[in-house]
Amino acid sequence: KFKFNKSKILERGKEIVGTIKKSIWVEMREGIVYLVRHREIRFIIVMLFVLLAAAGSIYVTIIVFIQKAFASVTKDLGVLAVCLGFGLFSGAVLYGKWGKNFTWYKTIFFCLLSGGVLLIIFAQFVAHNPHILTAMFLSFLLGLVVGPIFIAANTMVHLVSDDAMRGKVFSALEVVIHLAFLLAMLLSSWVSGFVPPEGNLTSVGLVIAVIGVFGFWQIKKGTLALMK
């Protein structure tokens, strides 16, 4: 006759769960240490941290900004979101086709600079002259120049990571960039209490553009030489 021993089953279950929990934290710690020690991956982390922090800051205010500017609840917001998404898709496809002709970190800095400038133009234009067709075009262009950043960053992580560390690296990378998104949302929600939405968007765009200019300046000085 077969009998269940409840105490042994519970004890064994606790051992298995404990091993899984320990393994997860060890894997995450090893991945983060590897990220910090590897120069190219560390650079990618900083760039994605900046980009996701900017996205988190924008996310809090842009919905209210568009609704007020166009005096609609969902129609214009949905149209602009579709244009942005189509721009991201198009940018990813174009970079996948011709991206190998450009140095990856120069591409990232160029996209940050262009994205920052376009965000400033979008915020100021919509705030003072809310024309939906022009806003759609600007939204598409913004997605077009931002899309290649993710493709270039993920491609380089694949290339420079060891096979045994790739899963750990991507797990740790996701933790870092989503933490940036959440912290930026929290900070932006506080700032939006005394800064108008267009001012918030313009400030974020200015910061992103300055980072792009700073990156090109570092390349010109020769202090930034990463894998091509």
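Notes on the structure in this doc start here. (Residues numbered from 1 in each chain as written. Predicted model: local features only at pLDDT ≥ 70, side-chain atom pairs only at ≥ 80, totals over all residues. Heavy atoms only, no water.)

1. Description of the nonpolar core
Under the convention used in this document: We define a nonpolar core as any set of buried Ala, Val, Leu, Ile, Met, Phe, Trp, Tyr and Cys residues linked to one another through side-chain atoms lying within 4.5 Å. Burial classification: accessible surface area is computed with a 1.4 Å probe over protein chains only, and a residue below 20% of its type maximum counts as buried, one above 50% as exposed, and the rest as partly exposed. Helix numbering and strand numbering both begin at the N terminus, where a helix is a DSSP run of H or I of at least 4 residues and a strand a DSSP run of E of at least 2. Should any heavy atoms of two residues lie within 4.5 Å, those residues are counted as being in contact.
By size, the foremost hydrophobic cluster in this structure holds 53 residues, and its most contacted members are F43, I44, W104, I108, L112 and F122. At the level of secondary structure, the elements contributing two or more residues to this core comprise helix 1 (6-37), helix 2 (39-70), helix 3 (75-98), helix 4 (104-128), helix 5 (132-160), helix 6 (166-191) and helix 7 (197-221). With 15 residues, the top contributor of residues to this core is helix 2. Other than its neighbours up to four places away in sequence, L112 contacts M47, L51, I149, I208, A209, I211 and G212.

2. What about the packing of aromatic side chains?
Note the cut-off: Two rings belonging to Phe, Tyr or Trp (six-membered ring only in the last case) form a pair when the distance between their centres is within 6.5 Å. Interplanar angles under 30 degrees mark stacking, angles over 60 mark edge-to-face geometry, and anything in between is tilted.
Evaluation of the coordinates by the stated rule reveals eight aromatic pairs. Measuring from centroid to centroid gives 5.5 Å for F43 and W104, while their planes differ by 75°, and the two rings are edge-to-face. Of this pair, F43 sits in helix 2 while W104 sits in helix 4, placing them 61 residues apart in sequence. Both residues of the pair, F43 and W104, belong to the buried class. Ring pairing ties together the aromatic residues F43, W104, Y105, F109 and F216, which thus form one cluster.

3. So, helix 2
How we decide: Residue count minus one, scaled by 1.5 Å, sets the expected span of a helix. Throughout, bend refers to the angle between the axes fitted to the seven residues that end at a position and the seven residues that start at it.
Compared with an ideal rise of 1.5 Å per residue, which puts 32 residues at 46 Å, helix 2 spans 45 Å between its outermost C-alpha atoms and is within 8% of the ideal. The largest bend in helix 2 amounts to roughly 40° and is located at T61. Phi for A71, located one or two positions after helix 2, is positive at around 55°.

4. Let's talk about unusual backbone geometry
Positioned with a positive phi, A71 is a non-glycine residue whose angle comes to about 55°. Along the chain, A71 falls in the loop between helix 2 and helix 3.

5. Section: the packing of helix 2 against helix 3
What counts, and what does not: Axis definition: a line fitted to C-alpha atoms, over the contacting stretch in the case of helices. Angles run 0 to 180 degrees between N-to-C directions. Note on terminology: angles under 35 degrees are roughly parallel, angles over 145 are roughly antiparallel, angles of 65 to 115 are roughly perpendicular, and the others are oblique. Crossing handedness is defined as follows: a turn of the near helix away from the far one that is anticlockwise and smaller than a right angle gives a left-handed crossing, while the clockwise case is right-handed.
Where helix 2 meets helix 3, the axes come as close as 9 Å, and the angle between the chain directions of the two elements is 125°. One way to sum up the angle between helix 2 and helix 3 is to call them oblique. Classified by chirality, the crossing of helix 3 by helix 2 is right-handed. Across the interface between the two elements, I63, I66, Q67 and F70 from helix 2 touch D76, L77 and L80 from helix 3.

6. Topic: the packing of helix 5 against helix 6
Convention followed: Three categories are distinguished: nonpolar for Ala, Val, Leu, Ile, Met, Phe, Trp, Tyr, Cys and Pro, charged for Asp, Glu, Lys and Arg, and polar for the others, with Gly belonging to the last.
The geometry of helix 5 relative to helix 6 is characterised by a closest axis approach of 10 Å and an angle of 150° between their N-to-C directions. Helix-helix and strand crossings are classified by hand; for helix 5 and helix 6 the assignment is right-handed. Residue-level inspection shows N154, V157 and H158 of helix 5 in contact with helix 6, the latter providing R166, V169, F170 and L173. Its residues assigned to classes, the contact of helix 5 with helix 6 comprises four nonpolar, two polar and one charged.

7. Some remarks on the environment of T155
Topologically, T155 is positioned in helix 5. Each C-alpha atom of the pair T155 and W104 lies 9.2 Å from the other, and the pair is 51 residues apart in sequence.

These figures capture arrangement, not role.
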